[in-house]
Amino acid sequence: MIGMLFRLKDWFGGKKSKDIQPKLSKENEKGKKKQILDSSSAILIDLPRIAKPDFNEDRRPQKYWEIYNKGVFFYNRRWYEKAKDEFLKLLNYENPHQTFYTYLLRTYRKIISKEIEKQRLQNAYKVFEEFFDTCKDYITDTDRRKFNKLVGKLRQDTPDSDYKTVALVEKKREPDFEIIELNQNNPILLSETKIEKKSNPKRRNWNFIERVGSDTLYIDCVYNQEQSKYDKSFLMVKDSGGNIKKEFTVNHGIYRFKSAECSDRFVASSDDMILYFYSIEDTCFCTYDLKRFADNKYHVRCVDISPEGQFLLFTHVDRAYLMDSSLKLIESWVMPPKEGWEKRTSDEIVAYSEEYQRSLSILGLHGEPIYEEIKKAFRMMAFKYHPDRNPDDPGATERMKQIINAYEKLTGEEAKQAFRGVENAEYYYKMMDQIKVEIPGTSTSFTIEIGMIGPGEDWIYATCLGPNADRFYLGCYSGKVYCVLKDGSVLKLYHCHNVPRSIREKGKYLFIETDYCLYIIKDDKYLTHVGTWKTGDLRWTDTGFMLIGAKELHLFSDEGVEIGRINFKNNIFDVYWANGNLKVMTANKVYVFSFS
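Residues numbered from 1 in each chain as written. Predicted model: local features only at pLDDT ≥ 70, side-chain atom pairs only at ≥ 80, totals over all residues. Heavy atoms only, no water.

Asker: Help me understand the side chain of Arg265 in this model?
Answerer: Its place among the elements puts Arg265 in strand 12 (residues 265–269). For the buried Arg265, no salt bridge is present, and the opposite-charge side chain at shortest range is Asp264, 4.6 Å distant. Contacts of Arg265, omitting those with residues within four sequence positions, involve Val212, Ser259, Ala260, Phe277, Tyr278, Ser279, Phe285, Ile305, Gly309, Gln310 and Ser325. (Helix = DSSP H or I, 4+ residues; strand = E, 2+ residues; numbered from the N terminus. Buried < 20%, exposed > 50% of the residue type's maximum accessible area, 1.4 Å probe, protein only. Lys, Arg positive; Asp, Glu negative; His and termini not counted. Salt bridge = Lys/Arg side-chain N within 4 Å of Asp/Glu carboxyl O. Contact = heavy atoms within 4.5 Å.)

Below, the structure is given as structure tokens:
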């Protein structure tokens with residue numbers, strides 16, 4: 001419920017009139033209200049503001065995609081001439097994306113093959129010339145051989161012609177990988193093994209990849225087309241050497257997931273809002289129904305587990321709930337509202353509901369009129385807009401229905417039904433301005449308070465549980481990260497000025513990941529940050545972390561120093577540590593690197 005809220009406070013003879021006083025909810029009266037975190041005494045650690053990347057840097061205009069999609073449509077319908085005409089229009093734009101050239105090459109080759117098949121060799125030759133001129137940087141020797149074969153046929157038909165073949169360009173074989181020299185600790189290749197096609201496992205688009213103890217857990221959620229939901233998940237466990245240790249399937253999708261660093265346990269929540277507590281060896285310990293807290297799965301932003309797997313945590317909007325290993329709730333906390341907002345509880349909120357304001361507006365009223373004022377306004381509006389008095393107005397009947405409905409909402413039983421449950425409700429309020437007005441010649445004055453009712457909750461977007469849950473971190477949408485002790489006292493407050501996406505504590509290091517960078521804090525002091533925008537997926541190692549892109553791998557120490565960078569010719573399939581060495585699997589090879 002969002003709207004402008006106007007409150008009047010009158011003073012007569014210096015005395016203040018009755019204010020709207022918030023009433024304690026029943027939960028408050030019984031002393032069972034969840035604990036609101038108080039950060040007033042916390043150590044404030046303000047992290048530097050990092051300039052946001054240009055998110056529109058590679059964004060192309062809508063017209064570009066309209067042309068591209070039209071070309072793809074024609075290509076899929078096998079209307080190759082029309083597809084070519086559309087794709088060629090995209091050359092007028094700077095830096096067409098790579099997929100465009102893939103479609104353009106295929107389109108030219110389809111047209112050429114079709115012309116040759118129908119023995120229209122002269123046409124095929126002309127298309128080849130256009131092809132070579134338009135896509136000269138993408139022509140392969142296969143294209144050149146096909147062209148030379150066509151020239152041979154044309155010479156047979158017309159021996160006196162001046163058709164000329166083209167020379168082949170035997171490209172040097174590019175290396176499968178390239179080590180970018182950064183410092184004296186560059187990676188060194190130890191071994192390179194080709195993968196046999198039969199033994200090459202089916203590649204999956206994993207939804208989650210996390211360390212569980214000394215192993216790595218891979219999760220792939222399976223979508224059921226008929227039921228339009230994720231109803232199963234495939235899980236695979238690999239040991240430290242990258243060997244498959246275990247594979248199994250669970251009969252639910254996994255929406256949120258977190259694993260324990262020092263045990264074989266992990267926690268997951270499903271699309272139907274069930275919390276599952278798992279062990280890799282013993283499968284599911286127990287479950288917990290989150291529907292008693294959340295209306296939908298999107299409100300459960302985080303699930304977490306302590307390193308040893310003895311404590312769990314989940315969040316609902318701006319609330320965090322701590323549980324033991326039997327999934328019994330231990331404690332819960334509420335985040336402070338967003339800056340400028342305050343939480344109120346009042347039965348007077350019904351007077352400012354949108355439906356109430358709409359009913360007043362229909363009758364031409366405002367503020368908080370008494371019953372006689374509502375009745376008088378209703379009679380005037382009914383007399384004015386009655387259908388019998390407006391026979392030429394087709395909307396008179398509908399207008400009269402609205403007037404009657406508004407009157408009933410404001411005075412009758414239906415009004416009580418409409419506002420039932422709103423009484424004593426909690427809501428967030430933000431004061432926008434206050435204006436004091438004094439009436440000349442009198443002792444009367446009043447204050448107009450202009451405010452707004454709306455979503456003031458500071459949603460929790462990232463969490464981290466410390467050993468034995470003695471401390472934990474709650475990262476909110478406002479960019480604030482609270483370090484909280486188990487008793488609910490806020491020890492430290494970090495401000496990263498952007499939405500935190502993940503938090504990790506590692507000895508004396510604290511890592512806070514946002515949308516475009518990874519902050520590294522050491523001993524409560526900002527050390528550095530690493531840009532993550534378009535760099536790759538974040539993966540942790542024993543001595544640092546990696547950013548894994550499609551074909552590029554960046555390796556960092558815990559202090560954020562890049563210790564290695566490797567570019568691969570083929571897409572990276574998987575990366576893991578094996579006995580202190582780096583093991584990289586691509587589509588057709590496995591590489592093992594060490595660091596000097």
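Asker: Sorry if this is basic, but what is going on with the packing of helix 2 (residues 62–76) against helix 4 (residues 98–117) here?
Answerer: Two packed helices can be described by the angle between their axes and the distance between those axes. At a minimum axis distance of 11 Å, the contact between helix 2 and helix 4 shows a crossing angle of 35 degrees. Both helix 2 and helix 4 take part in a crossing whose hand is left-handed. For the pair helix 2 and helix 4, the contacting residues are Tyr64, Tyr68, Val72 and Tyr75 in the first and Thr99, Phe100, Tyr103, Arg106, Thr107 and Lys110 in the second. Counted by class, the contact of helix 2 with helix 4 contains six nonpolar, two polar and two charged residues. (Axes fitted to C-alpha atoms, helices over the stretch in contact; angles between N-to-C directions. Left-handed = near helix turned anticlockwise from the far one by under 90°. Nonpolar A, V, L, I, M, F, W, Y, C, P; charged D, E, K, R; others polar.)

Asker: Where do I start with the sheet that holds strand 36 (residues 589–595) in this structure?
Answerer: Working definition: the strands of a sheet are paired by backbone hydrogen bonds and lie parallel or antiparallel to each other. The four strands are arranged 6-36-35-34 in an open sheet whose pairing can be described as antiparallel. A strand with exactly one partner marks an edge of an open sheet, and here the two such strands are strand 6 (187–194) and strand 34 (572–578). This sheet shows a mean twist of 20 degrees between the axes of neighbouring strands, independent of strand direction. Of the pairings in the sheet, the one linking strand 34 to strand 35 (residues 581–586) comprises six bridges and is antiparallel in character. Bridging from a neighbouring strand, Tyr576 pairs with Lys583 of strand 35. (Pairing = 2+ DSSP bridges.)

Asker: Help me understand the packing of aromatic side chains, please; the structure alone is not making it clear to me.
Answerer: The geometry of two aromatic rings is summed up by the distance between their centres and the angle between their planes. With the rule as written, the count across this model stands at 51 aromatic pairs. Between Phe314 and Tyr321, the aromatic rings sit 4.9 Å apart at their centres with planes inclined by 10 degrees, giving stacked as the arrangement. Judged by relative accessible area, Tyr321 falls into the buried class, the value being 4%. An aromatic cluster is built from Tyr64, Trp65, Tyr68, Tyr75, Tyr80, Phe87, Tyr93, Phe100, Tyr101, Tyr103 and Tyr138, whose rings are joined through pairwise contacts. (Phe/Tyr/Trp six-rings, centres within 6.5 Å; stacked < 30°, edge-to-face > 60°.)

Asker: Any chance you could explain the sheet that holds strand 10 (residues 244–250) here in plain terms?
Answerer: Across the sheet, four strands lie side by side as 7-8-9-10; this open sheet has antiparallel pairing. The open sheet is flanked by strand 7 (208–212) and strand 10, the only strands paired with a single partner. Neighbour-to-neighbour, the strand axes of the sheet open up by a mean angle of 20 degrees, direction not taken into account.

Asker: Can you help me understand the side chain of Asp215 in this one?
Answerer: Within the secondary structure, Asp215 sits in strand 8 (residues 215–224). Overall, the relative accessible area of 9% leaves Asp215 in the buried class. At a separation of 2.9 Å, a polar atom in the side chain of Asp215 contacts the side chain of Lys245. Discounting residues that sit within four places of it in the chain, Asp215 has contacts with Glu210, Val237, Lys238, Asp239, Ser240 and Lys245. (Polar contact = N/O pair within 3.5 Å; in protein donor to acceptor, adjacent residues only side chain to side chain.)

Asker: Which parts of the structure should I look at to understand the pairing of strand 33 (residues 562–568)?
Answerer: In summary, the side chains of a regular strand alternate between the two faces of the sheet. Where strand 5 (residues 177–180) meets strand 33, four bridges bridge the pair, whose relative direction is antiparallel. For Phe177, the partnering residue across the bridge sits in strand 33 and is Phe568. What sits between the antiparallel neighbours strand 32 (residues 552–557) and strand 33 is a turn of four residues, in which Gly560 has the positive phi angle 85 degrees.

Asker: Sorry if this is basic, but what is going on with helix 5 (residues 121–134) here?
Answerer: Structurally, the α-helix is built with 3.6 residues per turn, so residues lying three or four positions apart point the same way. Helix length check: helix 5 (14 residues) gives 20 Å between terminal C-alpha atoms against 20 Å at 1.5 Å per residue, within 8%. Those residues of helix 5 hidden inside the fold are in contact with helix 4 and helix 6 (141–157). (Expected span 1.5 Å × (residues − 1).)

Asker: Teacher, can you tell me more about the nonpolar core here?
Answerer: The tendency in soluble globular proteins is for nonpolar side chains to be buried side by side. Core analysis: the biggest nonpolar cluster contains 33 residues, and Phe87, Phe131 and Leu150 have the highest contact counts within it. Going through the elements one at a time, helix 2, helix 3 (80–89), helix 4, helix 5 and helix 6 are the ones with two or more residues in this core. Ranked by the residues each element gives to this core, the list is headed by helix 4, at nine residues. Setting aside its immediate chain neighbours within four residues, Phe87 contacts Tyr68, Gly71, Val72, Phe100, Tyr103, Leu104 and Thr107. Membership of the second largest hydrophobic core comes to 19 residues, among which are Ala42, Phe311, Ala469 and Val484. (Core = buried A, V, L, I, M, F, W, Y, C linked by side-chain atoms within 4.5 Å.)

Just geometry here; none of it tells us what the structure is for.
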